[in-house]
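Results of the structural survey
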Amino acid sequence: MEMENSESRKSARLAILELAIMISIPMSLNAVIRLNVADAMWQDGANSPLSASEILSRILPSGGGDAENLQRLLRMLTSYSVFSEHIDGDGSQRKYSLTEIGKTLVSDSDGLSCASYVLQHHQDALMRAWPLAHEAVLDPMTEPFVKVNGEAAYDYYGKRPEMVDLMMKAMSVDVSDMDRR
């Protein structure tokens, strides 16, 4: 019984550590979407494995950027099946391709993908409100969104047509038709 209790505690501690770092997953996803990684990888309908440097050169054709930092994002999201990692025989080079999950981030002919949905849920105005969620529990008159953004969500978004456009794109994605790629 003592061993089981110890294993249960160890498992619980590992679970809470995983929960604590989970923000890195959607933030990594947000980063690769803002960089248009999926579209860069899917050029002309190909899904050939590419190195982080090759992907970066498609994102920034004139040069620049940091392939090592891009590779960190790719590896993080590989562990959540957004990308597949391909390591050459001697282990010296890693290449990446899109999984079925990753393909949902590729823009269709109308410029739509699930990327808009992800971006909508991770926009700055919403992200600033989350750390204050506990205040709404302590005082039901507190609205975290209002506290950090200075106005109610409808008023805030009514003044930002780019956010309304993002929401419309996010709601326009037909997830039942995502298997076309």
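The present account deals with the structure reproduced in this document.

Let us look at the overall build of the chain. In terms of helices and strands, the chain carries 12 helices and two strands. For the chain, whose C-alpha radius of gyration is 20 Å, the value lies well above the compact-globule estimate of 16 Å for 181 residues. Within the chain, the proportion of its 181 residues that are buried is 33%. A fraction of 49% describes how many contacts in the chain between residues 6 or more apart in sequence connect residues 24 or more apart. Counting only carbon and sulfur atoms, one obtains 56% of the accessible surface of the chain, whose full area is about 11,600 Å². Side-chain charges of the chain comprise 17 positive and 26 negative groups, with the mean position of each set lying 4 Å from the other.

Bringing the pattern of salt bridges into the picture now. Per the stated rule, a full pass over the model turns up eight salt bridges. Residues Glu-85 and Arg-94 are paired through a salt bridge, measuring 3.1 Å at the closest nitrogen-oxygen approach. Here Glu-85 falls in the partly exposed class, since its relative accessible area comes to 28%.

Time to look at the side chain of Ser-97. Within the fold, Ser-97 resides in strand 2 (residues 94-98). What makes Ser-97 buried here is its relative accessible area of 6%. Within the structure, Ser-97 has its side chain in polar contact with the side chain of His-86 (distance 2.7 Å). Beyond its immediate sequence surroundings of up to four residues, Ser-97 is in contact with Met-41, Asn-47, Pro-49, Phe-83, Ser-84 and His-86.

The rules we used
- Residues numbered from 1 in each chain as written.
- Predicted model: local features only at pLDDT ≥ 70, side-chain atom pairs only at ≥ 80, totals over all residues.
- Heavy atoms only, no water.
- Helix = DSSP H or I, 4+ residues; strand = E, 2+ residues; numbered from the N terminus.
- Rg over C-alpha atoms; globule rule 2.2 N^0.38 Å.
- Buried < 20%, exposed > 50% of the residue type's maximum accessible area, 1.4 Å probe, protein only.
- Contact = heavy atoms within 4.5 Å.
- Areas by Shrake-Rupley, 256 points an atom, 1.4 Å probe, with all protein chains shown as cover.
- Lys, Arg positive; Asp, Glu negative; His and termini not counted.
- Charge placed at Lys NZ, Arg CZ, Asp CG, Glu CD.
- Salt bridge = Lys/Arg side-chain N within 4 Å of Asp/Glu carboxyl O.
- Polar contact = N/O pair within 3.5 Å; in protein donor to acceptor, adjacent residues only side chain to side chain.

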